[in-house]
Amino acid sequence: MSPRIDPLLLARIEKRLPGFTAGRLTPLQGLTGQSSKLENGQGAFIVRPAPQPPIPFVERQREARLLRKLHPSGLTPRPLVGDAQLLLLPWQQGEPLSMQMFQQRREEVISLLLRLHRQPLTGYALRLLPLLQRYWQLCRQRHVRWQRALRQLARVGEPRPLRLTPLHMDVHAGNLIADEKGLHLIDWEYAADGDVALELAALCAADPEQASRWLEAYAQAACLSPAALARQVARWQPWLRLLMASWYQLRAEQSGDAALQQLAQQSWQHI
């Protein structure tokens, strides 16, 4: 059993789901690094406890409610357990995409995103300025460049949405699972309602070499002006860069992980 999963949480699962047995727990790879795969006689599941130390905007109860709202669309699993301490989901069978397959299956990825972006709003709005300010408050190592960038964004204000939709906000090759039925998005912990251009800005950050192709393909499929979409994505990019740098900085401080410290240093070079 992974030492990162509190045994009390497993007892909580068994209490909520009578007859549910603990089984075998395997830690999962990932930058947050606090989820596990649970296998027992009932099948395979993913266990996602509330992150410790906390990460801004990551709330398991909110995540569970959002997954339930989107579940009728077929885009998300229905949580078996979802409260402030724990999220338990059915395991998504299949294989994560490689970067090469991510690029080769661009049309399928865009189609999946369009399905999400055409769903009703979830009621959970993503506001980047308060989120960025919270990262600033939580981090110990703060510098003038960070303060200057945050103040500049606060003066400008968040861009007016081009199109307001539910967003996944973490679309990259590793969060797309392929099986015989097609592609499936996983890891919805940052999902919320926001500007579709912010989603595209995040997607392009995951594949910067192909950014123009992603934007052209999405604009065509979504009946948007390619130029208007590109301009709106450019407006969001300073916000996204600061968000990524802030996230890496906080996680590096929380974990002491050398790889995260390096990613934080690299991210600040682009601010």
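For the structure, check the block above.
Throughout what follows, the structure given in this document is the object of discussion.

Criteria and thresholds
- Residues numbered from 1 in each chain as written.
- Predicted model: local features only at pLDDT ≥ 70, side-chain atom pairs only at ≥ 80, totals over all residues.
- Heavy atoms only, no water.
- Pairing = 2+ DSSP bridges.
- Helix = DSSP H or I, 4+ residues; strand = E, 2+ residues; numbered from the N terminus.
- Contact = heavy atoms within 4.5 Å.
- Axes fitted to C-alpha atoms, helices over the stretch in contact; angles between N-to-C directions.
- Core = buried A, V, L, I, M, F, W, Y, C linked by side-chain atoms within 4.5 Å.
- Buried < 20%, exposed > 50% of the residue type's maximum accessible area, 1.4 Å probe, protein only.
- Parallel < 35°, antiparallel > 145°, perpendicular 65-115°, else oblique.
- Left-handed = near helix turned anticlockwise from the far one by under 90°.
- Nonpolar A, V, L, I, M, F, W, Y, C, P; charged D, E, K, R; others polar.
- Phe/Tyr/Trp six-rings, centres within 6.5 Å; stacked < 30°, edge-to-face > 60°.

1. Details of the sheet that holds strand 9 (residues 182-185)
- With antiparallel pairing, the three strands of this open sheet are ordered in space as 6-8-9. Each end of this open sheet is capped by a strand with a single partner; those strands are strand 6 (95-96) and strand 9.
- Seen against the sheet, helix 4 (residues 106-117) touches strand 8 (176-179) and strand 9 and runs at an angle of roughly 50° to strand 9.

2. Quick notes on the nonpolar core
- With 73 residues, the main nonpolar core has Phe102, Leu176 and Tyr218 as its most contacted residues.
- Broken down by element, this core gets its largest block of residues, twelve residues, from helix 9 (residues 226-255).
- Here Tyr218 is in contact with Ile110, Leu113, Leu114, His117, Val196, Leu200, Leu224 and Leu229, once residues within four sequence places are set aside.
- In this structure, Leu10, Val81, Leu86 and Leu88 belong to the second largest nonpolar core, which totals eleven residues.

3. As for the packing of helix 7 (residues 196-206) against helix 9
- Orientation of helix 7 relative to helix 9, taken along the N-to-C sense of each, is 65°, at an axis distance of 8 Å. For the element pair helix 7 / helix 9, the angle class is roughly perpendicular. Considering how the two elements wind past one another, helix 7 and helix 9 form a crossing that is right-handed. Residues Ala197, Leu198, Leu200, Ala201, Ala202 and Ala205 of helix 7 touch helix 9, and the partners they reach there are Leu229, Gln232, Val233, Trp236, Gln237, Leu240 and Met244.
- Class assignment of the residues belonging to the contact of helix 7 with helix 9 gives a composition of eleven nonpolar, two polar and no charged.

4. Digging into the packing of aromatic side chains
- Scanning the entire structure with this criterion turns up five aromatic pairs.
- Judged by centre distance (6.2 Å) and plane angle (65°), the ring pair of Trp236 and Trp239 falls under edge-to-face. Here the residue Trp236 and the residue Trp239 both occupy positions in helix 9, the gap between them amounting to three residues, near one helical turn.
- What makes Trp239 buried here is its relative accessible area of 1%.

Keep in mind these numbers describe shape, not what the thing actually does.
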